[in-house]
Amino acid sequence: MTRGLLNLIYGRLASCVKSITVLALVMVVAREYVLLGRYALSGDGIAPAWSDEVAYHLNAKYVSENGQFGDAVIVEELESKVGHFGNHGPAYTFLDGITYKLAGSSFNVKVYSNICILLLCTLLLLSTPGLSLARRLALTLVPLTSVVSIVYVFSYMQEIVQVGITCLLWRSLWGFSLRPHTWLRIALFLLLIFLAAVARVYWALLSLALLGFPNLTKRELVGVFLLGQLLIIAAITTFPLLNASYPVGFLASLGQHLSTSGYEGVLGAIQKNIFFNLENFFRYPSNESLSYFANRLLFVTIWVALSIWSIKTKNRFAVIISFFCLLQFIALLAFYDTLYWRDQRMFAAPMILMGLVIVSQASALLVVPLLSTAIYIAGLANFDYARPFITIKRQQASSLKSQAPPPFVEELHSLIHGESLQTVIISTTMLNSTQVMTGLPVRSNTGTPIRYSMNLGAQPWKRYNRTPIQYAVLTPNEAHEAGHDRAINAGGYGVVDLGTSQQ
């Protein structure tokens, strides 16, 4: 009896020490977030500093001010077959538009929504049933130390939304594994997967994770597999309906390879792209920090560790998660690129998913080294790395506050009228002048919704006749090339009446 009591006391003490240790680590990470947030939101706060950030902001502002869903910025007049959405689809515009509608369209609203998502992720993981307090606390460190969480929480990009989707899907899978299965619960989970796939289509493949639960009968396994296949087909079919095609980049070039060289040309281009991306992935980038490169290696290390552990322990669920993440990595190498943070953004969600699986189920021999490495290399080091990005956004916010809107803004307000949506071509040079682009109005004085089309692969003023366009905002040289000379301040932009005929 004495030995049993001592073992009980020892077990309780060991559990308390573990929980206190992990809690201390969580508090250290939380403190870094608070310090970074205090810097980001003090003074004039921050404002979008890059073209993608500005586009997301304008899309949300368009929804808020016009009361209709659609994108304010499209490329080469390309929009989705259903709705007026660009190549990012409706998910982000919907989420940010609702947020702006409820809380206003000031620049910091998006930042506050990012913070709320991370806090909800933390609460969601802390509520995980069937795990010790130490493991639940350790789970929260996985998304909080992700490089995209740290770098993008004080931004206008959509990576924090993907972090939230990852935690929500994993938590749903965990709860699914603990309760008796019903076809209603299976259908509801697959519906959740489909909604996630609207934001990024690869989430449809996660439907196969249900096959990893050992308490499914053979009949249920077959049913789940068939439903999963239907969901994948539905997601792939829905994607081109809700997302506009993107006219540049490697994926767009495959059509040209197909027309000139057939399928052999397509396969050759994909093979070449894979080799290029692999070489770049494992080469230290001279213009990035050590933690950026280390995070790449950490992704590969976590995948290898999860794969070996899942096979060794015959954990079918973990095997499927490992396979899912491998498919994401192959898709990145084959169809995209490992440049300009696209690699970090693309494999961040799979990396968090793998980390949650390991921390929730693996032994301490695997969990402790994983968390230690993540906290130091991919976590704390990136708080310093994120500060210069925030500095640029702070400078942008101060500049916008101190300068009056460009003259063309009032021109657009007064010139554009009508009952339906009007599209305006904007100069490609605005990609390098986001301060000007940020001030684009999304609604005229008469209440007409305004959106903007930007040409990436042709003359800035070219029209494709995909949508009616009468006006463009161009530089003096661009206006002259378009055959519409007018007085525009040197180095500035002016509204040009293009008429309604094709140029």
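Every chain is numbered independently, its residues counted from 1 as its sequence is written. Given that the model is predicted, a residue must reach a pLDDT of at least 70 before its local features are reported, and side-chain atom pairs must reach 80 or more before they are shown or counted; all residues, however, enter totals for whole chains, interfaces and linings. Processing note: side-chain calculations cover all non-hydrogen atoms of the structure and skip hydrogens and water entirely.

K.L.:
Summarise the packing of helix α11 (residues 290-312) against helix α13 (residues 342-361); cite the residues concerned and give the values.
P.N.:
Axis definition: a line fitted to C-alpha atoms, limited for helices to the stretch in contact. Angles are taken between N-to-C directions and run from 0 to 180 degrees. Only runs of H or I of at least four residues qualify as helices and only runs of E of at least two qualify as strands under DSSP, and these elements are numbered from the N terminus. As a packed pair, α11 and α13 sit with axes 10 Å apart at the nearest point and diverge in direction by 40 degrees. Looking at the two axes, α11 sits oblique to α13. The two elements α11 and α13 cross, and the hand of that crossing is left-handed. Where α11 approaches α13, its residues Tyr 292, Asn 295, Arg 296, Leu 298, Phe 299, Ile 302, Trp 303, Leu 306 and Trp 309 are matched on the opposing element by Asp 343, Gln 344, Phe 347, Pro 350, Met 351, Met 354, Val 357, Ile 358 and Gln 361. Roughly parallel means an angle under 35 degrees; roughly antiparallel means over 145; roughly perpendicular covers 65 to 115; every other angle is labelled oblique. Less than a right angle of anticlockwise turn of the near helix away from the far helix marks a crossing as left-handed, whereas a clockwise turn marks it as right-handed. Note on definitions: a residue-residue contact is assigned when non-hydrogen atoms from the two residues lie within 4.5 Å.

K.L.:
Help me get a handle on the pattern of salt bridges, residues and values and all.
P.N.:
By definition here, a salt bridge exists when the distance from a side-chain nitrogen of Lys or Arg to a carboxyl oxygen of Asp or Glu is within 4 Å. Considering all chains together, one arrives at 10 salt bridges under this definition. A salt bridge links Lys 401 to Asp 44, with the nearest nitrogen and oxygen atoms 3.1 Å apart. Of the two residues, Lys 401 sits in helix α14 (residues 364-402) while Asp 44 sits in the loop between α1 (2-41) and α2 (51-66), which places them 357 residues apart along the sequence. A salt bridge links Asp 337 to Arg 342; the nearest nitrogen and oxygen atoms lie 2.8 Å apart.

K.L.:
Report on the pairing of strand β3 (residues 450-454), specifying residues and quantitative values.
P.N.:
With 5 of 5 residues buried, β3 is to be regarded as a mostly interior element. Strand direction decides the pairing type here: strand β2 (residues 422-426) and β3, joined by 5 bridges, are parallel. Note on β3: the bridge partner recorded for Ile 426 is Met 454. For every residue, the accessible area obtained with a 1.4 Å probe (protein chains only) is divided by the maximum for its type, and the residue is called buried under 20%, exposed over 50%, and partly exposed between those limits. Pairing between strands requires that DSSP locate at least two bridges from one strand to the other.

K.L.:
Pulling in residues and values, what's your account of a nonpolar patch on the surface?
P.N.:
Exposure above 30% relative accessible area and the absence of a salt bridge qualify a residue for a patch, where like charges join within 9 Å and nonpolar side chains (Val, Leu, Ile, Met, Phe, Trp, Tyr) within 5 Å. All accessibility values rest on the Shrake-Rupley procedure with a 1.4 Å probe; residue burial counts only the protein chains present in the view. A cluster of nonpolar side chains, namely Phe 69, Phe 94, Leu 95, Ile 98 and Leu 102, defines an oily patch on the protein surface of about 490 Å² accessible area. Examined against the element boundaries, Leu 95 turns out to sit in helix α3 (residues 90-103). Residue Leu 95 is classed as partly exposed on the basis of its relative accessible area of 41%.

K.L.:
Please give an account of the state of the cysteines that cites residues and values.
P.N.:
Working definition: a disulfide is two cysteine sulfur atoms within 2.5 Å of each other. Summed over all chains, the structure comprises 0 disulfides. Just so you know, Cys 121 is unpaired, no disulfide at all, and the nearest cysteine sulfur is the one on Cys 167, 3.7 Å from it. According to the relative accessible area criterion, Cys 121 is buried, its value standing at 3%.

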